[in-house]
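Structural description and commentary
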Amino acid sequence: MQYDMGLLRRRRIYYIIPFIFVFVLFTPSVWPSVRQFGDRVRQKLPFAYQWKVQQDFVPTQTELDCLYGRTPPSTNSNFKIDPIPNHVHFIYGLSNPYNKPSAGTFDFLCYLAVRSAIVGMKAEKISLHYTYLADPPSPNPNASPLSNPWIKRLKDDIELVYHTPEEMVALKSSPEAIWQAAHVSDILRLKLLQEQGGIYMDMDAFGFRPFTDLLKSPRDIILGHEGGNRGGLCNAIMVAREKSAFIERWLKEYDGADLSKEWNYHSVVLPKELELRHPDEVCTLSPTGFFWPTWTWDHIEFMHEQLSYEEARLWAVEIDRNGGSLYEDQLAYHAWSQMAWERHLSKLTPEVVRTHNTRFNLLVRNFLQDDVR
């Protein structure tokens, strides 16, 4: 009897595939690895959008003028302009981890972000806007924020600003709208800047130097480009004067919007479209200012890969020369937690930051208090 060995091998493979699928389906511990593998493959495809995002670029003269406080006033401005307040706003805890554990609690990474505003940015005031901060989580909003050890450690340096769940629902286009907490936060941050002015920072954003020149800008809002292709202006870090006409326009675009069907149009793409229509109202920074390296697979690895002793020494010298930044024209870095959490950020501890030499750890190490263990 003759056997087709190729056919037999193919049959074995066909039999094995269902077992592999069942194994993955019922083994939650391997899900992150599968997701990461799929994400890496998707981003590495020759036609993937990531290649445009991480493409090289050269800062324009307009962007450099924005960074160094040389932007001319708009043609409509003929009166004295007050500086933007050196007041940093953070938002956290709009979803309750008691009911939704994936929302997480205010953790070590959040602590580092706030410390960056204290140590790096030298903020005159820091406000943490929240609904749920208790740790362990509580079903009740505003339940004992000081039960969180990181909040307790920071309490003397920050203002805790409570927002009720009803306030957050009122920010939606309709009470029945199904929005993620990130979308509610998008509107809250714009309203805070419109009412008070200052600097908004995501909880995975780190400021390395004071924003002194930006705060003197004659433009009412300063935004940073996301990606080497300058495909958008990201709202993860914003600097704005109160009563900004640009923010007023931006907020109006949320009226009636169905954010359940989008992720970043209103937060990244739309502000770029508005800037192209109203360039005299916005001061724009090159990607390096706030958002470089980017969220792509290669860039995340660049920030978190282990460095040799000599590489760490050279980068430490460069960071010191730049006043705390990787690059001369970098003021802050957005750590892209959505892309970097499982691979790197979730594994950070005070000991890891102190002892593991990665570019990210070298940048944030100085924000650690000596007694944090």
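Each remark here, short or long, concerns the structure printed above.
Residues numbered from 1 in each chain as written. Predicted model: local features only at pLDDT ≥ 70, side-chain atom pairs only at ≥ 80, totals over all residues. Heavy atoms only, no water.

For the rest of this paragraph, the subject is the environment of Glu-195. Tracing the sequence through the fold places Glu-195 in helix 8 (residues 181-196). Here Glu-195 falls in the exposed class, since its relative accessible area comes to 54%. Note: C-alpha distance between Glu-195 and Ser-244 (49 residues apart in sequence) is 9.1 Å. (Helix = DSSP H or I, 4+ residues; strand = E, 2+ residues; numbered from the N terminus. Buried < 20%, exposed > 50% of the residue type's maximum accessible area, 1.4 Å probe, protein only.)

Moving on: unusual backbone geometry. In the segment running from Asp-135 into Pro-136, the intervening peptide bond is cis, with an omega of 10°. You can see Pro-136 is positioned in the loop between strand 2 (125-130) and helix 6 (149-154). In this structure, Pro-293 follows Trp-292 across a cis peptide bond, with omega equal to 0°. Turning to its location among the elements, Pro-293 is positioned in the loop between helix 12 (287-290) and helix 13 (297-304). Even without glycine at this site, Lys-122 takes up a positive phi of about 55°. Here Lys-122 is to be found in the loop between helix 5 (108-120) and strand 2. Looking at Lys-122, the relative accessible area reads 52%, which means it is exposed. Non-glycine residue Trp-336 carries a positive phi angle of around 50°. Counting through the fold element by element, Trp-336 comes out in the loop between strand 9 (332-334) and helix 15 (337-340).

We now examine helix 5. If you check helix 5, its first and last C-alpha atoms are 17 Å apart, about what 13 residues at 1.5 Å a residue would give, namely 18 Å. In terms of burial, helix 5 is largely enclosed, as 11 of its 13 residues are buried. Summarising the contacts, the buried residues of helix 5 are in contact with strand 1 (87-92), strand 2, helix 6, strand 5 (205-207), helix 16 (350-355) and helix 17 (359-364). Put simply, Asp-107 is the residue that caps the front of helix 5, since its side-chain oxygen is 3.3 Å from the backbone nitrogen of Leu-109. (Expected span 1.5 Å × (residues − 1). Contact = heavy atoms within 4.5 Å. Polar contact = N/O pair within 3.5 Å; in protein donor to acceptor, adjacent residues only side chain to side chain.)

The subject of this paragraph is the side chain of Thr-131. Along the chain, the position of Thr-131 falls in the loop between strand 2 and helix 6. If we ignore the near neighbours within four places in the chain, the residues touching Thr-131 are Tyr-92, Gly-93, Leu-94, Pro-141, Asn-142, Tyr-162, His-163, Thr-164, Pro-165 and Met-168.

Here helix 8 crosses helix 10 (residues 245-252) at 150°, and the two axes come no closer than 10 Å. The angle between helix 8 and helix 10 places the two elements in the roughly antiparallel class. Relative to helix 10, helix 8 is oriented so that their crossing is left-handed. Contacts between helix 8 and helix 10 pair Ile-187, Leu-190, Lys-191, Leu-193 and Gln-194 from the former with Ile-247, Glu-248, Trp-250 and Leu-251 from the latter. A per-class count over the contact of helix 8 with helix 10 returns 6 nonpolar, 1 polar and 2 charged. (Axes fitted to C-alpha atoms, helices over the stretch in contact; angles between N-to-C directions. Parallel < 35°, antiparallel > 145°, perpendicular 65-115°, else oblique. Left-handed = near helix turned anticlockwise from the far one by under 90°. Nonpolar A, V, L, I, M, F, W, Y, C, P; charged D, E, K, R; others polar.)

Turning next to helix 10. Along helix 10, the positions that sit buried rather than exposed are Phe-246, Ile-247, Trp-250 and Leu-251. End-on, the buried residues of helix 10 take up no more than an arc of 135°, which puts them together on one face. In this fold, the buried residues of helix 10 make contact with helix 8, strand 6 (221-226), strand 7 (232-240), helix 11 (265-277) and strand 8 (282-285). You can read the cap of helix 10 off the contacts: a side-chain oxygen lies 3.2 Å from the backbone nitrogen of Phe-246, and it is on Ser-244. (Arc of directions from axis to C-beta.)

On to the side chain of Asn-148. Within the secondary structure, Asn-148 sits in the loop between strand 2 and helix 6. Among the polar contacts made by the side chain of Asn-148, one reaches the main-chain amide nitrogen of Trp-150 at a distance of 2.9 Å. If we skip the residues at most four places from it in the chain, Asn-148 touches Phe-106, Leu-133 and Asp-135.

Bringing the nonpolar core into the picture now. Within the largest apolar cluster, 70 residues are counted, with the highest numbers of intra-cluster contacts made by Phe-90, Phe-106, Phe-211, Phe-290 and Phe-360. Ranked by residue count, the leading element in this core is helix 5, at 8 residues. Apart from residues no more than four positions distant in its own chain, Phe-290 is found in contact with Phe-211, Leu-214, Gly-224, Ile-237, Val-239, Leu-285, Leu-331, Ala-332, Tyr-333 and His-334. Judged by nonpolar contacts, the second largest core, of 28 residues, contains Leu-171, Tyr-200, Ile-247 and Leu-274. (Core = buried A, V, L, I, M, F, W, Y, C linked by side-chain atoms within 4.5 Å.)

Keep in mind these numbers describe shape, not what the thing actually does.
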